[in-house]
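Residue strings, one per chain:
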Amino acid sequence: MTDIPYKLASVRSRIAAACKAAGRPESSVGLLAVSKTFGAAEVRQAQAAGQRAFGENYLQEALDKQAELTDLPLEWHFIGPVQSNKTRSLAERFDWVHGVERLKIAQRLSDQRPPGLPPLNICVQVNVSGEASKAGCTPAEALELCRAVATLPRLRLRGLMAIPAPAVDSATAAERQAPFRALRELFGELRRAGLELDTISAGMSDDLEDAIAEGSTLVRVGSSIFGSRPPKA
Ligand SMILES: *Cc1c(COP(=O)(O)O)cnc(C)c1O
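Everything quoted here is computed from the prediction, not taken from an experiment.

How each quantity is defined
- Residues numbered from 1 in each chain as written.
- Predicted model: local features only at pLDDT ≥ 70, side-chain atom pairs only at ≥ 80, totals over all residues.
- Heavy atoms only, no water.
- Buried < 20%, exposed > 50% of the residue type's maximum accessible area, 1.4 Å probe, protein only.
- Helix = DSSP H or I, 4+ residues; strand = E, 2+ residues; numbered from the N terminus.
- Arc of directions from axis to C-beta.
- Core = buried A, V, L, I, M, F, W, Y, C linked by side-chain atoms within 4.5 Å.
- Contact = heavy atoms within 4.5 Å.
- Expected span 1.5 Å × (residues − 1).
- Salt bridge = Lys/Arg side-chain N within 4 Å of Asp/Glu carboxyl O.
- Near = heavy atom within 4 Å.
- Polar contact = N/O pair within 3.5 Å; in protein donor to acceptor, adjacent residues only side chain to side chain.
- Areas by Shrake-Rupley, 256 points an atom, 1.4 Å probe, with all protein chains shown as cover.
- 1 Å grid on protein atoms, 1.4 Å probe; cavity = no way out; pocket = protein on both sides within 12 Å on 5 of 7 lines; lining within 4 Å.
- Sits in = over half its atoms within 2 Å of the grid points.
- Points joined across faces, edges and corners; volume = space filled by probe spheres on them.
- Nonpolar A, V, L, I, M, F, W, Y, C, P; charged D, E, K, R; others polar.

**Details of helix H2 (residues 40–48)**
Three or more residues of H2 are buried, namely Ala-40, Val-43 and Ala-46. Taken end-on, H2 shows its buried residues confined to a sector of 120°, consistent with a single buried face. Phi turns positive one or two residues past the end of H2, at Gly-50, with a value near 105°.

**Quick look at the nonpolar core**
Counting 62 residues, the largest nonpolar core has Ile-15, Val-97, Leu-109, Ile-122, Leu-160 and Ile-225 as the members making the most contacts within it. Top contributing element to this core by residue count: helix H1 (residues 4–21), with 6 residues. With sequence-adjacent residues up to four places away left out, Leu-160 is seen in contact with Cys-123, Val-124, Val-126, Cys-146, Leu-183, Leu-186, Phe-187, Leu-190, Thr-199, Ile-200 and Ser-201.

**Quick word on H1**
Look at H1: 26 Å from first C-alpha to last across 18 residues, which is about the 26 Å you get at 1.5 Å a residue. Taken together, the buried positions of H1 are occupied by Ile-4, Lys-7, Leu-8, Val-11, Ile-15, Ala-16, Ala-18 and Cys-19. Where H1 is buried, its residues touch strand S1 (30–34), H2, helix H8 (208–213), strand S8 (218–221) and helix H9 (223–226). Positive phi appears at Gly-23, one or two residues downstream of H1, with a value of about 65°.

**Considerations on the pattern of salt bridges**
Evaluated as defined, the whole model comprises 10 salt bridges. A salt bridge links Arg-44 to Asp-71; the nearest nitrogen and oxygen atoms lie 3.0 Å apart. Of the two residues, Arg-44 sits in helix H2 while Asp-71 sits in the loop between helix H3 (59–67) and strand S3 (75–78), which places them 27 residues apart along the sequence. Overall, Arg-44 belongs to the partly exposed group, its relative accessible area being 31%. In this structure, Glu-56 engages Lys-65 in a salt bridge whose closest nitrogen and oxygen atoms are separated by 2.8 Å. When sorted by exposure, Glu-56 lands in the same class as Lys-65, which is buried. Within the structure, one salt-bridge network assembled from shared partners comprises Glu-56, Glu-61 and Lys-65.

**A look at the site of the ligand**
Neighbouring residues of the ligand: 13 residues in total, closest Lys-36, Asn-57, Ser-205, Ser-223 and Arg-229. Asn-57 places a side-chain nitrogen or oxygen 2.7 Å from an oxygen atom of the ligand. At 2.5 Å, a side-chain N or O of Ser-205 approaches an oxygen atom of the ligand. Notes on the ligand: free accessible area 390 Å², of which the protein chains cover 90%. If you map the ligand onto the pockets, it falls in the largest pocket.

**Some words on the side chain of Glu-214**
The topology assignment puts Glu-214 in the loop between H8 and S8. Of the residues examined, Glu-214 reaches a relative accessible area of 8% and is grouped as buried. Reaching out from Glu-214, the side chain makes a polar contact with the side chain of Arg-181 at a distance of 2.9 Å. Beyond its immediate chain neighbours, meaning those up to four positions away, Glu-214 contacts Gln-177, Phe-180, Arg-181 and Arg-184.

**Quick look at the layout of surface pockets**
It is a probe the size of a water molecule, rolled over the atoms, that shows where empty space is left. Approximately 730 Å³ is the volume found for the largest pocket. Lining the largest pocket are 36 residues, with Ile-163, Pro-164, Met-204, Asp-207 and Arg-220 sitting closest to its centre. Among the secondary structure elements, those contributing two or more residues to the lining of the largest pocket are strand S4 (96–100) and helix H7 (173–192). Looking at side-chain class alone, the lining of the largest pocket contains 18 nonpolar, 7 polar and 11 charged residues.

What follows is the structure in structure tokens.
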């Protein structure tokens, strides 16, 4: 017996409260439960409490977990860094890949997506924190990369993903929200340029309220649902 159902309900109420504060409908924000470092048993408990979409960072760990959960109708999102040697498994075993930051990776995912499956959903990762983070394309590169990804036949470009650097304790709400606002503005620019995007993947346990205030449509929440993770060796 664990408190996963209780914590999940509490995260859902945080999302609902943040939507209300932002004047957004609750249905406009989805919840991705980040189960990395936790086992199949924990995923099962969250699923029994109504959760369907799960996020994983480490490929081998994710594949092992998936193999134990084939009886459940789950949606799997890969949210870790994507290296070339992982693309085949990602294309075969996941529904979404969030960390795409180079065209070459997107091309491999498209080439390797099995014909029997629907197109693989993709978010392009953008670095909205400047020097503080290295992952993701720059905002200036995003339009060209997204246009190219959108033409790949076995992918469906859904939107943008970001992992802003954690805010300092003394930050004001406006300072905390600035990277999420930058992401939202970029998303708007890309849509005005004609790209059909519907997803802003941003916000985690510590900053989901700030992300929702600035338009996130998918928050990725781990520790607030499953508990704190052991430090990764
Ligand atoms: C681990 C992780 C999360 C979840 O982080 P929490 O702080 O535990 O909610 C979200 N997104 C990415 C990309 C992660 O690696």
